[in-house]
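So the chains spell out like this:
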Amino acid sequence: MGAQNKRFREIRNISSLEESRRLMQEAIDSEKDIEERRKHGQFSTPFVLAQEITKYGLELLSDKKISFLEHCIGSGVFYSALLNSINSFCCIQTATGIEIDPAYFDCTANLWNDSGIELIKGDFTRIIPKQKYNLVITNPPYVRHHYLTQDEKLYLLEHEKKETGIALSGLAGLYCHFILLAHKWLAPGAVCGWLIPSEFMDVNYGNAIKNYLLQNVHLLRIHRYNPENSLFSDALVSSCVV
Ligand SMILES: C[S@@+](CC[C@H](N)C(=O)[O-])C[C@H]1O[C@@H](n2cnc3c(N)ncnc32)[C@H](O)[C@@H]1O
């Protein structure tokens, strides 16, 4: 057993870490202006939802040696759910989290640094992967295209086209770019879980994402949540898809 694996196994106080994470998330959110959070897509996933999705991802994963990526980690709710859900049949070999916002990043690094996860402060869309991952689960930033500059859009469109052959429309929100750009981070047989707004299923710019899900990967399941039962206390949710 490598040193990395040993460290993941030594985390015994995981429920109190989850409680600290929740409080930290609430504290940072309350200091931020809601408009600013909207602009950067900063609405955290409730833990129960993260756990439901993560457990399902673990069931689907045939390789029980886990390399986990949460590429817009926030306070690390999916990582926390993973640590809470892991059983003796699986082991985490590596875990990586990426976060652009220093406020979330610094607190997340404080909380999780000793757990064995590698944390990278930066823009996921610009980072070149050093390795591939077999479990990728996240809630990507739901940022409308109006907030992306023309230069950002051109960069994103060019890179994802190169990677997947798929051309997104300039009207697509940042979460669509996150899905396509994550492709090059996936190991063969990787399981991916995306908690995203369901609007891509109903609008023209969503066709490219539908094509990606049908042609570039093996689509296992779409779960559409009822907006009336939204677990998000602070985000306006039309409905989400995983
Ligand atoms: C919807 S939140 C989700 C956070 C966490 N994964 C969760 O589910 O609670 C999206 C996160 O992505 C971060 N983010 C936005 N743009 C990013 C980028 N280009 N690279 C990395 N992180 C980014 C935001 O700061 C925010 O923490």
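Use the structure listed above.
Residues numbered from 1 in each chain as written. Predicted model: local features only at pLDDT ≥ 70, side-chain atom pairs only at ≥ 80, totals over all residues. Heavy atoms only, no water.

> Explain the side chain of serine 80 here, please?
Within the fold, serine 80 resides in helix H5 (residues 77-85). Judged by relative accessible area, serine 80 falls into the buried class, the value being 0%. Serine 80 has contacts with Ile14, Glu18, Arg21, Phe47 and Trp112, leaving out every residue within four places of it along the chain. (Helix = DSSP H or I, 4+ residues; strand = E, 2+ residues; numbered from the N terminus. Buried < 20%, exposed > 50% of the residue type's maximum accessible area, 1.4 Å probe, protein only. Contact = heavy atoms within 4.5 Å.)

> How should I be thinking about the site of the ligand in this particular structure?
Around the ligand there are 24 residues in total, and Thr45, Glu70, Cys72, Glu99 and Asp123 lie nearest to it. Between phenylalanine 124 and the ligand, the recorded distance is 2.9 Å, taken from a backbone N or O atom to a nitrogen atom. Its residues placed into classes, the shell around the ligand shows ten nonpolar, ten polar and four charged. (Near = heavy atom within 4 Å. Polar contact = N/O pair within 3.5 Å; in protein donor to acceptor, adjacent residues only side chain to side chain. Nonpolar A, V, L, I, M, F, W, Y, C, P; charged D, E, K, R; others polar.)

> What exactly am I supposed to notice about the pairing of strand E1 (residues 65-70) here?
The two faces of a sheet get side chains in turn, since along a regular strand they alternate between them. With respect to burial, E1 is a largely interior element, five of its six residues being buried. Pairing analysis gives six bridges linking E1 to strand E2 (residues 91-99), with the strands arranged parallel. Looking at the pairing, leucine 69 lines up with threonine 96 of E2. Across two bridges, E1 lies against strand E4 (residues 133-138) in parallel orientation. Among the inter-strand pairings, phenylalanine 68 is bridged to a residue of E4, identified as leucine 135. (Pairing = 2+ DSSP bridges.)

> In this structure, what is going on with the environment of glutamine 93? I would like to understand it.
Along the polypeptide, glutamine 93 turns up in strand E2. Separated by 24 residues in the primary sequence, glutamine 93 and isoleucine 117 place their C-alpha atoms 9.7 Å from one another.

> Help me understand the nonpolar core, please; the structure alone is not making it clear to me.
If you look at soluble globular proteins, the nonpolar side chains tend to sit buried side by side. Within the largest apolar cluster, 35 residues are counted, with the highest numbers of intra-cluster contacts made by Ile66, Phe68, Tyr79, Trp112 and Leu135. For this core, the elements supplying multiple residues, two or more each, are helix H2 (14-31), helix H4 (47-60), E1, H5, E2, helix H6 (102-112) and E4. Of all the elements, H5 adds the most residues to this core, at six residues. Ignoring sequence-local partners within four residues, the contact set of leucine 135 consists of Gly57, Leu58, Leu61, Ile66, Ser67, Phe68, Leu69, Leu82 and Val191. The next biggest cluster of nonpolar side chains, apart from the first, holds 32 residues, and it includes Val136, Phe178, Ile196 and Leu213. (Core = buried A, V, L, I, M, F, W, Y, C linked by side-chain atoms within 4.5 Å.)

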